[in-house]
Protein chains: 2
Amino acid sequence: MNSSPRRGRRPGSPDVRAQILAVARDRFHREGYDGVTMRSLAADVGVDAALISYYFGSKRGLFAAVLDVSVHPADVLAKLLEGDLETLPQRAVRTLVMVWDQPEMGMPLLSAARAAVADPELAALIRRGLHRELIDQLADRIGGADARHRAGTFVGQIGGLVFTRYVLAVEPLASMTADEIVRTLGPALRTTLFGPVAIPARRPHVAGGSARGPAPR
Amino acid sequence: MNSSPRRGRRPGSPDVRAQILAVARDRFHREGYDGVTMRSLAADVGVDAALISYYFGSKRGLFAAVLDVSVHPADVLAKLLEGDLETLPQRAVRTLVMVWDQPEMGMPLLSAARAAVADPELAALIRRGLHRELIDQLADRIGGADARHRAGTFVGQIGGLVFTRYVLAVEPLASMTADEIVRTLGPALRTTLFGPVAIPARRPHVAGGSARGPAPR
DNA sequence: GCGAAGAATTCATCACGGTTGAACAACTAC
DNA sequence: GTAGTTGTTCAACCGTGATGAATTCTTCGC
């Protein structure tokens, strides 16, 4: 059926743009940027490939549009920074894991992360976003001489969780529960934010360090 | 000059395979996997594109060959794990930064990291490598009930440094010196390896935590 | 030396990727 | 009702990696 769709505009007013966006969103998240071709996507929607270019300019434009409707990290970050600074490490880790663990959010974020690695422009976007929305504000709240260093390192550690657990899926991180992660990574993040900075001089740092001995249980 | 390179085997015994590999190495590191096309590479070497397929099977085969001659992380890791466990965090960070900061090593590693994000098979390779060569052995040396969790989290933070400083180039991490990074990240890694694991119960964890107060200085 | 086998190299071609310009159909405004 | 705008397809372009056949050089058995 629907043997040969004639040329020209379709009758009625089906919102084809939205359809394309929906299907693209789904497939990008499932198959990644390179896995989706314009033609196959167009076929999925039941439309010519040129129409996608017509609406979104290019494949990258389409991808950007998909990201735009999927990812809004700024709100979450603002919420995090509003709360008590003392508990920020735990809350940050828990929020991050919760957000990334639910597919509706995690998939878009993951494809955004992957794309950012491949595409320098997208990387710059994320870089600036992290800076304005997270690092600078965090540094302000910490205060002190090395606030920027602490904030940067904090973000690095958080980024490491994303990278190893979600992008690379390294065990055991990939299958640890949110609680387990909070318990092991939380204290390290506390150290980064509030702990002493190591003595610059060349000392092995043996006894009398800030934390020592096997874990209590 | 060299107006039209005739068909067939070249006279003499020029090691074209090695030439291709050398140029490919250089260009892959500078321009990334997608930035290098078979034809442009072949033109650079002064050879037909089909010859690359002849020697390396495919573009990915070529890339794998380039990685093969560039990256040998196992040795470095072994050295790290041999030393004193107490000083492992500092040594690990310092070694990592030193290795990645010198272009001859850092560039190949960076392109490997980028490729691993895009290509699931390469990601699996790195994942297994990290596991066998680092996480398992580190967990053995730490000992204790949650050794695996600690080791995984340790690697996660190290990976975060790579991700944010080298792949994403987020400030201020990207321009911190090795010493600065060791000073801020080192203590956190110590906490991960040796510090207490946070109390599972729901407590804000306010006073009496393992590390508290502003930095000395 | 000679001729056959094999290795190295190019050429022509393929299928497929995203993108583009022209043709055409429907809807909107006057 | 006709003119203009918007939506849609078609055909083609050019660049990608890959492949098979044709060609030239090297090597080895005799």
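Residues numbered from 1 in each chain as written. Chains lettered and ligands numbered in written order. Predicted model: local features only at pLDDT ≥ 70, side-chain atom pairs only at ≥ 80, totals over all residues. Heavy atoms only, no water.

**Things to note about the overall build of chain A**
Heads up, the condition is: Numbered from the N terminus, helices here are DSSP runs of H or I no shorter than four residues, and strands are runs of E no shorter than two. A 1.4 Å probe rolled over the protein chains alone gives each residue an accessible area, and that area as a share of the maximum for its type sets the label: buried under 20%, exposed over 50%, partly exposed in between. Contacts are assigned to residue pairs with any non-hydrogen atoms lying within 4.5 Å of each other. Note on areas: Shrake-Rupley, 1.4 Å probe, and residue coverage restricted to the protein chains presented here.
Assigned secondary structure in chain A consists of 10 helices and zero strands. Ordered by position from the N terminus, the helices and strands of chain A form the series α-α-α-α-α-α-α-α-α-α. Taken over 217 residues, chain A has a buried fraction of 46%. Residue pairs in contact within chain A that sit at least 24 positions apart in sequence constitute 62% of those at least 6 positions apart. For chain A, the computed accessible surface area is about 11,500 Å², with 55% contributed by carbon and sulfur atoms.

**Remarks on the environment of A:Asp84**
Which entries qualify depends on this criterion: N or O atoms closer than or at 3.5 Å make up a polar contact, with two conditions inside protein: a donor-capable atom paired with an acceptor-capable one, and, for residues adjacent in sequence, both atoms drawn from side chains.
Among the structural elements, A:Asp84 can be located in the loop between helix H5 (73-82) and helix H6 (88-101). Separated by 3.2 Å, the side chain of A:Asp84 and the backbone nitrogen of A:Glu86 make a polar contact.

**Structural notes on the packing of aromatic side chains**
Here is the rule: Centres within 6.5 Å are what make two rings of Phe, Tyr or Trp a pair, Trp counting through its six-membered ring; a difference in plane orientation under 30 degrees is then read as stacked, over 60 as edge-to-face, and the rest as tilted. A positively charged side chain is recorded as over a ring if its NZ (Lys) or CZ (Arg) lies within 6 Å of the ring centre. The angle to the ring normal must also be within 35 degrees.
Going through the model one piece at a time under the given rule, you end up with 13 aromatic pairs over all chains. Ring centres 5.7 Å apart and planes at 5° place the aromatic pair A:Phe28 and A:Tyr33 in the stacked group. Between B:Tyr33 and B:Phe63 the ring centres are 5.2 Å apart and the planes differ by 90°, which places this aromatic pair in the edge-to-face class. You can see B:Tyr33 sitting in helix H1 (residues 16-35) and its partner B:Phe63 sitting in helix H4 (residues 59-70), a full 30 residues away along the chain. Judged by its relative accessible area of 4%, B:Phe63 falls in the buried class. One aromatic cluster is present, built from ring pairs that chain together A:Phe28, A:Tyr33 and A:Phe63. Just above the ring of A:Tyr33 sits the side chain of A:Lys59; from NZ or CZ to the centre is 4.5 Å.

**Topic: the nonpolar core**
Applied cut-off: For our purposes a nonpolar core is just a set of buried Ala, Val, Leu, Ile, Met, Phe, Trp, Tyr and Cys residues, chained together by side-chain atoms within 4.5 Å.
By size, the foremost hydrophobic cluster in this structure holds 85 residues, and its most contacted members are A:Val93, A:Trp100, A:Leu138, B:Val93, B:Trp100 and B:Leu138. If we ignore the near neighbours within four places in the chain, the residues touching B:Leu138 are B:Leu81, B:Leu85, B:Leu88, B:Ala151, B:Phe154 and B:Leu193. Judged by nonpolar contacts, the second largest core, of 21 residues, contains B:Ile20, B:Ala42, B:Leu62 and B:Ala65.

**A look at the packing of H1(B) against helix H3 (residues 49-56) of chain B**
Residue and element names in this part refer to chain B. Which entries qualify depends on this criterion: Throughout, an axis means a line fitted to C-alpha atoms (over the contacting stretch in the case of helices), and angles, computed between N-to-C directions, take values from 0 to 180 degrees. Angles below 35 degrees are treated as roughly parallel, those above 145 as roughly antiparallel, those between 65 and 115 as roughly perpendicular, and all remaining angles as oblique.
Running from N to C, H1 and H3 point in directions that differ by 100°, and their axes come no closer than 11 Å. Here H1 is positioned roughly perpendicular relative to H3, judged by the angle of their axes. The segment H1 lies against H3, with Val16, Arg17, Ile20 and Leu21 engaging Leu51, Ile52, Tyr55 and Phe56.

**A look at unusual backbone geometry**
All names here are of chain A. Cis geometry is adopted by the peptide bond preceding Pro172, which originates at Glu171 and carries an omega value of 5°. For Pro172, the position within the fold is in the loop between helix H9 (147-167) and helix H10 (178-194). With phi around 60°, Ala169 is a residue other than glycine that occupies positive phi space. Within the secondary structure, Ala169 is located in the loop between H9 and H10.

**Re the packing of H9(A) against helix H10 (residues 178-194) of chain B**
We count it as follows: Each helix crossing is assigned a hand: it is left-handed if the near helix lies turned anticlockwise from the far helix by less than a right angle, otherwise right-handed if that turn is clockwise. Each residue is assigned to one class: nonpolar for Ala, Val, Leu, Ile, Met, Phe, Trp, Tyr, Cys and Pro, charged for Asp, Glu, Lys and Arg, and polar for all the others, Gly among them.
Following both chains from N to C, one finds H9(A) and H10(B) inclined at 60°, their axes separated by 10 Å at the closest point. When the axes of H9(A) and H10(B) are compared, the pair comes out oblique. Considering only the axes of H9(A) and H10(B), their crossing is right-handed. Between H9(A), through A:His149, A:Thr153 and A:Gln157, and H10(B), the contact on the second element is made entirely by B:Glu180, B:Thr184, B:Leu185 and B:Ala188. Per-class residue counts for the contact of H9(A) with H10(B) are two nonpolar, four polar and one charged.

**Let's talk about the confidence of the model for chain A**
Going by this rule: Here pLDDT means the predictor's own confidence in every residue, given as a number from 0 to 100.
When pLDDT is averaged across chain A, the result is 79; 82% of the residues are at 70 or more. Below pLDDT 50 for its whole length, residues 199-217 of chain A participates in 28 contacts with residues either more than four positions away or in separate chains.

**Some points on the side chain of A:Arg27**
Mapped onto the fold, A:Arg27 is located in helix H1 (residues 16-35). Setting aside residues up to four positions removed in sequence, A:Arg27 forms contacts with A:Gly32, A:Gly35, A:Val36, A:Ser40, A:Leu41 and A:Asp44.

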